[in-house]
Amino acid sequence: MGIEYERIKEIIQEVPTPCYIVSEALLEKNLKLLRRVADRAGCKILLAQKAFSMYYYYPLIGKYLDGVTASGLYEARLGYEELCQKERRCENHVFSPAYDKGHMEELLQICDHIVFNSFSQWELYKEAALRAGKSCGIRINPECSTQDHAIYDPCAPGSRLGVTLEHFEKHGLDALEGIEGLHFHCLCEQNADALVTTMNAVEEKFGAYLYQMKWLNMGGGHHITKYDYDVEALVALIQRIQKKYGLTVYLEPGEAVALNAGFLVTQVLELVSNHGIVTAIVDTSAACHMPDVIEMPYRPPLYNSGEAGEKAFTYRLAGPTCLAGDLIGDYSFDDELKVGDRLIFGDMAIYSMVKNNTFNGMPLPEIIALDANGTWQTVKRFGYEDFKRRL
């Protein structure tokens, strides 16, 4: 990442601000690791488009991964049109808590695997799905929380996601006729130990049903490409499960595909002081351009900066919207910031472009691809009409 940051610094005065920059070299580094995991474990790995849908790079992704997974019709169409129609081995999976009847007609034409969130949804679409030759699954809820982020915890009490064992047993084996797989998604930015804990709960509650399945989808949230991820534990777990139950395991990471592969370049517009806090207003909004900063919440990495008070000059970075809470975080620098200075945020490929919005009429950042040879090009430029058409 250090080498790639040096490349970003070289072009920082050339690119427009704000802009997202996605590095082909860093993206491919992640993809190569995921491919090695899939080959060693004998499993299949899919891109979860909800985290990263920059289809400019789908041809590259298609070289390494086994397909895509979607959370609804538009993602499913994107994966089908931009990858699966062009890549022979590509699989197109979809899951939704509840399907719209009109959407289902199209999903049956473009998806290979369809996962249902309840037995009532399964009964509603069973005949059509089986007639279309689809591999169908049920999402289960093992009721095993391993994280602290309630907003991202599908196993939280009262969750609408997945069938609990209580309701699973009520329907009996007859309800599983035609079902080829089980699906669970319980993790969020977690290591292999959390998956092991979750899988133990799945086996304890649903293990008896796994013997009659062709596949098991372990969902996403696996931080496989993070520096400290326990790849050996993941591979061992997948191999054990596939051997024990005679099925194929799927993983569908999103952020692991593009983790640390993206940057966001911004510039300082104004400096204001209030009660001893100096705020640098930048042309990037946390609320509009990096929503997870507020939603998660988290403090995005900023190059050549430190924690508040660590370096000589501390600033609160904030966006230009009218939202008082449009705050990115407190950072310190070796030198004073000046209007016009450009800053580089890291880890801005995931959950940024897919979540951004135009609140306050904020322009969206341009999307730039940084090729492996160090050249860059604008993939998408947004303007007033993009804002207006949404309204």
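Residues numbered from 1 in each chain as written. Predicted model: local features only at pLDDT ≥ 70, side-chain atom pairs only at ≥ 80, totals over all residues. Heavy atoms only, no water.

Caption draft 1: Molecular detail of the overall build of the chain. Across its full length, the chain carries 13 helices and 17 strands. By the compact-globule yardstick of 21 Å for 391 residues, the chain fits well, its C-alpha radius of gyration being 22 Å. If you line up the chain on its principal axes, its C-alpha atoms span 70 × 40 × 40 Å. Put simply, the chain has 38 plus and 53 minus side-chain charges, and the middle of one group is 4 Å from the middle of the other. (Helix = DSSP H or I, 4+ residues; strand = E, 2+ residues; numbered from the N terminus. Rg over C-alpha atoms; globule rule 2.2 N^0.38 Å. Lys, Arg positive; Asp, Glu negative; His and termini not counted. Charge placed at Lys NZ, Arg CZ, Asp CG, Glu CD.)

Caption draft 2: Region of the structure containing the pattern of salt bridges. Taken as a whole and assessed by the stated rule, the structure comprises 22 salt bridges. Across the pair Glu203 and Lys244 runs a salt bridge whose closest N-O atoms are separated by 3.0 Å. Residue Glu203 is found in helix 8 (residues 192-210), and its partner Lys244 is found in helix 9 (residues 231-245); the two are separated by 41 residues along the sequence. On the basis of relative accessibility, which here comes to 13%, the residue Glu203 falls in the buried class. Arg389 serves as the salt-bridge partner of Asp386, at 3.3 Å between the closest nitrogen and oxygen. With Asp386 and Arg389 both in helix 13 (residues 384-389) and three residues apart, this pair spans about one turn of that helix. (Salt bridge = Lys/Arg side-chain N within 4 Å of Asp/Glu carboxyl O. Buried < 20%, exposed > 50% of the residue type's maximum accessible area, 1.4 Å probe, protein only.)

Caption draft 3: Inspection of the nonpolar core at higher detail. Core analysis: the largest hydrophobic core is formed by 118 residues, its most contacted members being Ile21, Phe52, Phe168, Leu182 and Leu317. The greatest single-element share of this core, amounting to eight residues, is contributed by helix 8. Contact partners of Leu182, with chain neighbours within four places excluded, come to Ile138, Ile140, Phe168, Phe206, Tyr209, Leu210, Met213, Trp215, Leu216 and Asn217. Counting six residues, the second-largest nonpolar core is a separate cluster that includes Leu46, Phe95, Leu161 and Tyr250. (Core = buried A, V, L, I, M, F, W, Y, C linked by side-chain atoms within 4.5 Å. Contact = heavy atoms within 4.5 Å.)

Caption draft 4: Expanded view of the state of the cysteines. As enumerated under the stated definition, the model contains one disulfide in all. Here Cys84 engages in a disulfide with Cys90; their sulfurs sit 2.0 Å apart. The chirality of the disulfide connecting Cys84 with Cys90 is left-handed, given an S-S dihedral of about -40°. Judged by relative accessible area, Cys84 falls into the buried class, the value being 15%. Of the residues examined, Cys90 reaches a relative accessible area of 10% and is grouped as buried. Looking at the unpaired Cys288, the closest cysteine sulfur is the one in Cys322, lying at 9.2 Å. The exposure class of Cys322 is exposed, given its relative accessible area of 63%. (Disulfide = S-S within 2.5 Å.)

Caption draft 5: Here's a closer look at the sheet that holds strand 5 (residues 91-95). Across the sheet, which stays open at both edges, the nine strands sit in the order 2-10-9-8-7-6-5-4-3 with parallel pairing between neighbours. If you trace the sheet from one side to the other, it starts and ends with strand 2 (44-45) and strand 3 (47-48), each paired once. Across four bridges, the pairing between strand 7 (residues 135-139) and strand 8 (residues 179-183) is parallel. Bridging across to strand 8, Cys136 finds its partner in Ile179. (Pairing = 2+ DSSP bridges.)

Caption draft 6: Structural context of the environment of Gly246. Take Gly246: it is sitting in the loop between helix 9 and strand 10 (248-251). For Gly246, a relative accessible area of 60% gives the class exposed. Between the alpha carbons of Gly246 and Trp215 there is a distance of 8.5 Å; along the sequence they are 31 residues apart. Discounting chain neighbours no more than four positions away, the residues touching Gly246 are Met213 and Ile241.

Caption draft 7: Spatial organisation of the packing of aromatic side chains. Applying the stated criterion to the full structure yields 14 aromatic pairs. Judged by centre distance (6.3 Å) and plane angle (90°), the rings of Tyr99 and Tyr125 are edge-to-face. Taken together, the positions of Tyr99 in the loop between strand 5 and helix 5 (101-110) and Tyr125 in helix 6 (residues 119-131) put the pair 26 residues apart, joining distant regions of the chain. Overall, Tyr125 belongs to the buried group, its relative accessible area being 7%. Here the aromatic cluster, defined as three or more aromatic residues joined through ring pairs, consists of Tyr99, Phe116, Trp122 and Tyr125. Stacked on the ring of Phe95, the Lys or Arg Arg139 has its end atom at 4.8 Å from the ring centre. Looking at Arg299, its charged tip hangs above the ring of Tyr331, at a distance of 3.9 Å from the centre. (Phe/Tyr/Trp six-rings, centres within 6.5 Å; stacked < 30°, edge-to-face > 60°. Lys NZ or Arg CZ within 6 Å of the ring centre and 35° of its normal.)

Caption draft 8: Inspection of a nonpolar patch on the surface at higher detail. Together, Ile294, Leu323 and Phe359 give the surface a local cluster of nonpolar side chains, amounting to about 240 Å² of exposed area. Taking relative accessible area as the criterion, Ile294 reaches 38% and is therefore assigned partly exposed. (Patch = residues over 30% accessible without salt bridge, like charges linked within 9 Å, V, L, I, M, F, W, Y side chains within 5 Å. Areas by Shrake-Rupley, 256 points an atom, 1.4 Å probe, with all protein chains shown as cover.)

Caption draft 9: Quick look at helix 9. In a regular helix each residue adds 1.5 Å, so 15 residues correspond to 21 Å; helix 9 covers 21 Å between its end C-alpha atoms and thus fits that length. Every buried residue of helix 9 is accounted for by Val231, Leu234, Val235, Leu237, Ile238, Ile241, Gln242 and Tyr245. Taken down its axis, helix 9 places every buried residue within 165° of arc, on the same side. Packed against the buried residues of helix 9 are helix 2 (24-41), helix 8, strand 9 (215-217) and strand 10. Gly246 occupies a position one or two residues after helix 9 and carries a positive phi of about 65°. (Expected span 1.5 Å × (residues − 1). Arc of directions from axis to C-beta.)

Caption draft 10: Up close: the side chain of Ser23. Counting through the fold element by element, Ser23 comes out in strand 1 (residues 19-23). Within the structure, Ser23 has its side chain in polar contact with the backbone nitrogen of Leu26 (distance 3.1 Å). Leaving out residues up to four positions away in the same chain, Ser23 has contacts with Glu4, Tyr57, Ala261, Phe263 and Leu370. (Polar contact = N/O pair within 3.5 Å; in protein donor to acceptor, adjacent residues only side chain to side chain.)

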